[in-house]
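# Structural description and commentary
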Amino acid sequence: MSKTYKIAEIATLTDLSIPTLRYYEALGLLHPDRDSNNYRIFTDDDLRWIAFIKRAKATGMTLSKIVDYSKLREKGDSTVLERINILAEQEMILQVELEKIQAHINFLQNKKQFYTQFLENHKTR
């Protein structure tokens, strides 16, 4: 039998607040079982899924896209291609951001190089 966790334990393990976990449940992202006292019971599978949610959010994926992904995941293997498409779309968004960041880095490096050369030219005078 796999280990189970109460919501407070999951909050500690995932660095998510209890209200956030409840919100994710309300969105349909989480489906914890309930014990005889109606307390939420989470599993290691839930922990792995929460880790995915957190990582997807860290990439800038919106909660609505994560919900879409989650619904596809729940439908099973027949939706793998659609899930790949969601991930590919997010990857493209990140690639565009990466290009913007690289352009900013290039600007700063060029400006530093200009000033370094300026200082070297004025030392010799």
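Since the model is a prediction, treat every value here as computed from it, not as a measurement.

### Re the sheet that holds strand E2 (residues 33–34)
Reading across from one edge, E1-E3-E2 is the order of the 3 strands in this open sheet, with antiparallel pairing throughout. Lying at the two open borders of the sheet, with one neighbouring strand each, are strand E1 (4–5) and E2. Pairing of E1 with strand E3 (residues 40–43) involves 2 bridges; the strand directions are antiparallel. Its bridge partner lying in E3, Tyr 5 is registered against Phe 42.

### A word on helix H4 (residues 63–75)
The terminal C-alpha atoms of H4 lie 18 Å apart, and with 13 residues this matches the ideal 18 Å at 1.5 Å per residue to within 8%. Taken as a whole, H4 has its buried residues at Ile 66, Val 67, Tyr 69, Ser 70 and Leu 72. In this structure, the buried side of H4 is in contact with helix H2 (18–27), helix H3 (44–58) and helix H5 (80–123). Taken from the residues just after H4, Gly 76 is the one with a positive phi, measuring 100 degrees.

### Regarding the packing of aromatic side chains
Counted by the stated rule, this structure contains 5 aromatic pairs. Geometrically, the ring pair formed by Trp 49 and Tyr 69 is stacked, given 6.3 Å between the ring centres and 15 degrees between the ring planes. You can see Trp 49 sitting in helix H3 and its partner Tyr 69 sitting in helix H4, a full 20 residues away along the chain. Here Trp 49 matches Tyr 69 in class, with each residue buried. With a centroid separation of 4.8 Å and an interplanar angle of 25 degrees, the aromatic rings of Phe 52 and Tyr 69 are classed as stacked. Of this pair, Phe 52 sits in helix H3 while Tyr 69 is found in helix H4, placing the two residues 17 residues apart along the sequence. Given a relative accessible area of 25%, Phe 52 falls into the partly exposed group. Members of the aromatic cluster, joined through ring pairs, are Trp 49, Phe 52 and Tyr 69. Here the basic side chain of Lys 111 rests over the ring of Phe 114, its NZ or CZ set 5.4 Å away from the ring centre.

Rules and cut-offs
Residues numbered from 1 in each chain as written. Predicted model: local features only at pLDDT ≥ 70, side-chain atom pairs only at ≥ 80, totals over all residues. Heavy atoms only, no water. Pairing = 2+ DSSP bridges. Helix = DSSP H or I, 4+ residues; strand = E, 2+ residues; numbered from the N terminus. Expected span 1.5 Å × (residues − 1). Buried < 20%, exposed > 50% of the residue type's maximum accessible area, 1.4 Å probe, protein only. Contact = heavy atoms within 4.5 Å. Phe/Tyr/Trp six-rings, centres within 6.5 Å; stacked < 30°, edge-to-face > 60°. Lys NZ or Arg CZ within 6 Å of the ring centre and 35° of its normal.

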